[in-house]
Amino acid sequence: MFSIIPFYNLPCTRLFIVKAVVVTMSKVSIIMGSKSDLPVAEKAMELLKRFGISFDIAVASAHRTPGRVEELVKSSGSEVFIAIAGLSAALPGAVASYTVRPVIGVPVSGKVNMDSILSIVQMPPGIPVAAVGLDRGDNAAVLAAEMVAINDPLVREKLCAYRLEQAKKVIADSEQVVSDVGC
């Protein structure tokens, strides 16, 4: 189910953007600051699909299209937002300023990694953003799944299975290392 919401006009006198924002009833909304953040978002999408969690995805810049960010957040029915951004990484904070639902910030690596990280973890009091590591779209998806799992037993089961799989991989890796070094 979706509805079309008209895109806003930029606050410039002669520049108008004619687009539409498609609103879905996804559990998670992924918002990227730019198209170049897609490889990080793909990590999140892969795990969200695995957990059976519906999601939508969009590109919106906190600086270049702040009205679009506001429109996407305020019109969303999602339970959790994943905001992915590099450089000054203002997007997660901007998303959080428009909602009381959880926002997970994913800093994207680049020339100024510390700026991205600090912009997400150093939010002012009252507007928190959960932060995961640099380029960790996968951890953002797991954290979002944990939030959704609070009220969704099926997602909770899939998370438990995922954790068990992770543990089995560590044990198998350990056994392989012991075998390789001959202990």
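We now turn to the structure provided with this report. Values in this document were obtained by computation on a predicted structure and should not be read as measured data.

Brief notes about the pairing of strand E5 (residues 80-85)
Burial of E5 is extensive: six of the six residues sit out of reach of the surface. Of the two faces of E5, the one holding Val80, Ile82 and Ile84 and the one holding Phe81, Ala83 and Ala85 are both buried throughout. In this structure, strand E3 (residues 28-32) lies alongside E5, joined through five bridges in parallel fashion. Bridge pairing in E5 places Ile30 opposite Ile82. Taken together, the five bridges between E5 and strand E6 (residues 103-107) define a ladder with parallel strand orientation. Within E6, the position partnered with Ile82 by the bridge is Ile104.

What about the pattern of salt bridges?
If you walk through the whole model with that rule in mind, you get six salt bridges. The residue Lys74 makes a salt bridge to Glu70 at a minimum N-O spacing of 2.6 Å. Here Lys74 and its partner Glu70 are both found in helix H2 (residues 66-75), four residues apart, which amounts to about one turn of the helix. The exposure class of Glu70 is partly exposed, given its relative accessible area of 28%. Lys169 is the salt-bridge partner of Asp173, the closest N and O atoms lying 3.0 Å from each other. With Asp173 and Lys169 both in helix H6 (residues 153-181), this residue pair falls four residues apart, about one helical turn. The class of Asp173 is partly exposed, set by a relative accessible area of 38%. For Lys169, a relative accessible area of 48% translates into the label partly exposed.

Quick word on the sheet that holds E6
The strand order E4-E3-E5-E6-E7 describes an open sheet built from five strands, whose pairing is parallel. Two strands in the sheet have a free side with no partner beyond their single neighbour: strand E4 (55-59) and strand E7 (130-131). The strands touched by H2 are E3, E4 and E5; relative to E4, the strand with the most contacts, the crossing angle is about 170°. Seen against the sheet, helix H4 (residues 113-121) touches E5, E6 and E7 and runs at an angle of roughly 170° to E6.

Here's the deal with the environment of Ile82
Mapping Ile82 onto the fold places it in strand E5. Once the C-alpha coordinates of Ile82 and Ala141 are considered, the two residues, 59 residues apart in sequence, prove to be 7.9 Å apart. Filtering out sequence-adjacent residues up to four positions away, Ile82 remains in contact with Val28, Ser29, Ile30, Ile31, Ala44, Leu48, Ile104, Val106, Ala140, Ala141 and Ala144.

Structural notes on the packing of aromatic side chains
Given two aromatic rings, their pairing is described by the distance between the two centres and the angle made by the two planes. As enumerated under the stated definition, the model contains one aromatic pair in all. Consider the rings of Phe51 and Tyr162, whose centres lie 5.4 Å apart with planes at 90°: the pair is edge-to-face. Taken together, the residues Phe51 in the loop between helix H1 (38-50) and E4 and Tyr162 in helix H6 connect sequence positions 111 residues apart.

Looking at the packing of H1 against helix H5 (residues 137-149)
Look at H1 against H5: their axes get within 7 Å of each other, and the N-to-C directions meet at 35°. The chirality of how H1 crosses H5 is right-handed. Contact with H1, carried on its side by Val40, Lys43, Ala44, Leu47 and Leu48, involves Gly137, Asp138, Ala141 and Val142 of H5 and no other residues of that element. Broken down by class, the residue content of the contact of H1 with H5 amounts to six nonpolar, one polar and two charged.

Criteria and cut-off values
The written sequence of each chain sets the order in which its residues are numbered from 1. Totals for whole chains, interfaces and linings use all residues, but because this is a predicted model, local features are given only for residues with pLDDT of at least 70 and pairs of side-chain atoms are given and counted only at 80 or more. The basis for the side-chain values is all heavy atoms of the structure; hydrogens and waters are excluded. Using a 1.4 Å probe on the protein chains alone, a residue whose accessible area is under 20% of its type maximum counts as buried, one over 50% counts as exposed, and one in between counts as partly exposed. Where helices and strands are cited, they refer to DSSP runs of H or I of at least four residues and of E of at least two residues respectively, numbered from the N terminus. Strands qualify as paired when DSSP identifies two bridges or more between them. A pair is scored as a salt bridge if a Lys or Arg side-chain nitrogen falls within 4 Å of a carboxyl oxygen belonging to Asp or Glu. Contacts are assigned to residue pairs with any non-hydrogen atoms lying within 4.5 Å of each other. To obtain an axis, a line is fitted to C-alpha atoms, over the contacting stretch when the element is a helix, and the angle between two such axes runs from 0 to 180 degrees between their N-to-C directions. Centres within 6.5 Å are what make two rings of Phe, Tyr or Trp a pair, Trp counting through its six-membered ring; a difference in plane orientation under 30 degrees is then read as stacked, over 60 as edge-to-face, and the rest as tilted. Crossings are classed by handedness, with left-handed meaning an anticlockwise turn of the near helix from the far one by less than a right angle and right-handed meaning a clockwise turn. Any residue outside Ala, Val, Leu, Ile, Met, Phe, Trp, Tyr, Cys, Pro, Asp, Glu, Lys and Arg is labelled polar, Gly included; the first ten of those are nonpolar and the last four are charged.

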